[in-house]
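Below are the chains, spelled out letter by letter.
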Amino acid sequence: MPKVRLSFPVDSSFLSSVIYEGLLYLIPEYSKSFSLKEIDFESDFLSKAFSNLKDERINGIRLLMAGNDNINSKIFEKLGLNLQSKKTFYDLLKLLKENSSAIKVSRDIELSKLFSKKLVLIDLKKKEEGIAAPQIFKIDRYTGFSSLESALTSEQLTLYFSKEVALITLLGIYSSFVVSVRKAVPAGNQQQTNCYFVFFSPDEVLHLITSGKKDLLKTFMWFKEKAREMLNEVISKHYSNELLVAEVALNVEIRNMLREHNLDKISLLLFKISPEGQTYKTYEVIPIEIFEKTKFEALSKYFMNHERIISSLRETISPKGLVLEALSSMNKKKRYVEAENVLAAINGLYRFIILGNAEGLHEFMQRISEAIRKLENSDDPKERWRANEYRKIIAKLR
């Protein structure tokens, strides 16, 4: 049975996150046992994992490779296949699933890094034995490698990994990819693509691997998948840090599951990255913590029906609701006249839900009232309808 020996650092870099995300995806279904030192897998664990990938999920991974990436041909060469995918991770995963029977693992995998001249090798002794990592895996600019480890301070390093590690990272992409959206850049008529990934935080990764408990890991993977689905819905319509965090924090299903499993919280990291020329750049890394009890619950004594308030807040910022519809108009030519008021309202709601600041709810109500005043006397029946819907939102929160 092949083993994966773990000597790669668990940190908040994109490379570390995507490697461990791939391993956490594999462990529940294809491992015999696992610990912080090593994972004992079934002999055909990678072949099975790729054969069981969901087509619908693969189709949603709209992520391009950089122009100089060659994993789309090199990985098949290493598998003994005369194939080449298009330069998209969607097509690469699709082709790997179709040819999963060719994926064989006949040795232990040493998940550690070796510095050789201007190279960083993962699970390799020589670069010729491996595959040059796609640019998206070099996004950290080697910040995860200290000068003490490398004895280099300003050298340009090239990353290579074995075909097995390459396959594990691709499963990490599959498991963590949230959505890719295009938005107009203020200067000029250009469009920028932003890609989002959600990973477990380093502390959570260490907690899950050291536990050695498959059931716990399965539960946490369920939590993360629910969060990924919610983030996909919200980001597809409008991107706002405050909205994302508040939306996830209010999810009743996740909070109930945390309570059922006697867990206090789950910690995630949301990466926002964008392609720039022949490489990628990290724009934001947003910590997301989902608590079984939110901070604003300390204010519950001020509400007659605490659970009703939670339900109303959840409905208010639902991806299918009017608030998110108004926010999404900010990126369109026909922008809602109340969009700025709604954005300010969401910022207030964030302070109420996440920080437990009672003034945040007051600000939310005030900003929504401003939106109503803008719309209620409009000649446009659609705007008057929205004013009435905003009144309903306020009424439910009183």
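Residues numbered from 1 in each chain as written. Predicted model: local features only at pLDDT ≥ 70, side-chain atom pairs only at ≥ 80, totals over all residues. Heavy atoms only, no water.

A. The arrangement of the overall build of the protein chain in detail. Counting its regular elements, the protein chain contains 16 helices and 12 strands. Counting the 398 residues in the protein chain, one finds 54% classified as buried. Taking the intrachain contacts of the protein chain between residues at least 6 apart in sequence as the baseline, contacts between residues at least 24 apart amount to 68%. Of the roughly 18,700 Å² of accessible surface on the protein chain, a fraction of 48% belongs to carbon and sulfur atoms. (Helix = DSSP H or I, 4+ residues; strand = E, 2+ residues; numbered from the N terminus. Buried < 20%, exposed > 50% of the residue type's maximum accessible area, 1.4 Å probe, protein only. Contact = heavy atoms within 4.5 Å. Areas by Shrake-Rupley, 256 points an atom, 1.4 Å probe, with all protein chains shown as cover.)

B. Spatial organisation of the nonpolar core. Counting residues in each nonpolar core, the largest one holds 128 residues, and the members touching the most others are Phe14 and Phe197. When residues no more than four places from it in sequence are discounted, the contact partners of Phe197 are Phe14, Leu63, Ile136, Ile173, Ser176, Phe177, Val178, Leu269, Leu270, Phe271 and Ile273. (Core = buried A, V, L, I, M, F, W, Y, C linked by side-chain atoms within 4.5 Å.)

C. Up close: the side chain of Asn341. Relative to the assigned elements, Asn341 resides in helix H14 (residues 339-355). Apart from the residues within four sequence positions on either side, Asn341 is in contact with Arg367, Glu370, Ala371 and Lys374.

D. Local environment of the packing of helix H15 (residues 358-375) against helix H16 (residues 381-396). Packing of H15 against H16 brings their axes to within 8 Å, and their N-to-C directions diverge by 155 degrees. Classed by the angle they form, the pair H15 and H16 counts as roughly antiparallel. At the point where H15 passes H16, the crossing takes the left-handed sense. For the pair formed by H15 and H16, the contact residues are Phe364, Met365, Ile368, Ser369, Ala371, Ile372 and Leu375 on the first element and Glu383, Arg384, Arg386, Ala387, Tyr390, Arg391, Ile393 and Ile394 on the second. Here the contact of H15 with H16 is built from residues that sort into 10 nonpolar, one polar and four charged. (Axes fitted to C-alpha atoms, helices over the stretch in contact; angles between N-to-C directions. Parallel < 35°, antiparallel > 145°, perpendicular 65-115°, else oblique. Left-handed = near helix turned anticlockwise from the far one by under 90°. Nonpolar A, V, L, I, M, F, W, Y, C, P; charged D, E, K, R; others polar.)

All quantities given are derived from atomic positions and should not be read as evidence of function.
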